[in-house]
Amino acid sequence: MSGEEDPPLDVHHYEHRGKVPWDIQNYWSQRYDLFSKYDDGVWLTDDAWFGVTPEPVATKIADDIARAAPPERKILVDAFAGAGGNTIAFALSGHWKRVYAIEKNPAVLRCAQHNAEVYGVSDKITWFLGDCFDVIKSQLKDLAPYSVLFASPPWGGPGYRSASVFDLRTMEPYSLTTLYTEYSMFTPHVVLYLPRTSDLNQLARTVKGDRPAPVMHYCMRGASKALCIFYGNFQFS
Ligand code: MGP
């Protein structure tokens, strides 16, 4: 493990399966997919495991956004940093002048900050503890013309898998409409990370005007992990 610091209350670095709660054992067995540097002392809260983007997916999303974003947009705002998987990939991409990462759970934010240290990218990230909608309105407004906003929101827990088509109107605690409406007031360049089973008709109805919004599935080992919708002037060609 890196450093000598012990994890704070409710934060863990599990080293043996025997200590891992039963409901996250499936995720723990994928720990090197989630964080290739897991053994260097990655920290997670028990709830954070469910929402971590696997590192190869986070890296690919970071590459895609960097490649396709308008060149004047050099700030990346990560609205739901969680334990830092996406934030770290954005910082590692080297594309952004600054990555702003928001997380409202103090223990989870501490994990993200620690994990960014493990990956050696802390100096590229500014952290905010708080509700993303409040932080964006109160502290990031002026960055809007230079920003791309990425959001990997909670989907209401792993129960999302029980529906063959996921109803984005019932996503908890924030519906697709809430997320899209709030974020597009800040910047037109918004990327949402959503369930692979998301209702595509509901997604399509959020796309206004003539400019198409690409939807990309991110797959690993023969299965889709999740999809992203890219709103705004992203050029993939
Ligand atoms: P999964 O369906 O829970 O796992 O999550 P997996 O490994 O596909 O399960 P399997 O048993 O079917 O193989 C799939 C992906 O969705 C993971 O990579 C997580 O990053 C992401 N994910 C899962 N949940 C519950 C959330 C969530 O609530 N929010 C976000 N943003 N991502 C999630």
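Before reading further, recall that the structure is shown in the block above.
One structure accompanies this document, and this report is about it.

What counts, and where the lines are drawn
Residues numbered from 1 in each chain as written. Predicted model: local features only at pLDDT ≥ 70, side-chain atom pairs only at ≥ 80, totals over all residues. Heavy atoms only, no water. Pairing = 2+ DSSP bridges. Helix = DSSP H or I, 4+ residues; strand = E, 2+ residues; numbered from the N terminus. Axes fitted to C-alpha atoms, helices over the stretch in contact; angles between N-to-C directions. Contact = heavy atoms within 4.5 Å. Phe/Tyr/Trp six-rings, centres within 6.5 Å; stacked < 30°, edge-to-face > 60°.

One open sheet holds the 7 strands; their spatial order is β3-β2-β1-β4-β5-β7-β6, and the pairing between them is mixed. Edge positions in the sheet fall to β3 (125-129) and β6 (215-220), since each of these pairs with one other strand and no more. When the angles between neighbouring strand axes are averaged without regard to direction, this sheet yields 20°. Sheet contacts for helix α3 (residues 55-68): β1 (75-78), β4 (147-151), β5 (190-194), β6 and β7 (223-231); angle to β6, the most-contacted strand, approximately 150°. Across the sheet, helix α6 (residues 132-139) lies against β2 (98-103), β3 and β4, angled at about 135° from β2, the strand it touches most.

According to the stated counting rule, one finds 16 aromatic pairs in the structure shown. Ring geometry for Phe-80 versus Tyr-174: centroids 5.9 Å apart, planes at 45°, classification tilted. Placement of the pair is Phe-80 in the loop between β1 and α4 (85-93) and Tyr-174 in the loop between β4 and α7 (176-186), with a sequence separation of 94 residues. Put simply, the rings of Phe-90, Phe-150, Trp-155, Tyr-160, Phe-166 and Tyr-193 pair up and form one aromatic cluster.

To continue, consider unusual backbone geometry. With an omega of 0°, the peptide bond running from Glu-172 to Pro-173 counts as cis. Within the fold, Pro-173 resides in the loop between β4 and α7.

From the geometry alone we can't say anything about function, so treat these as descriptive.
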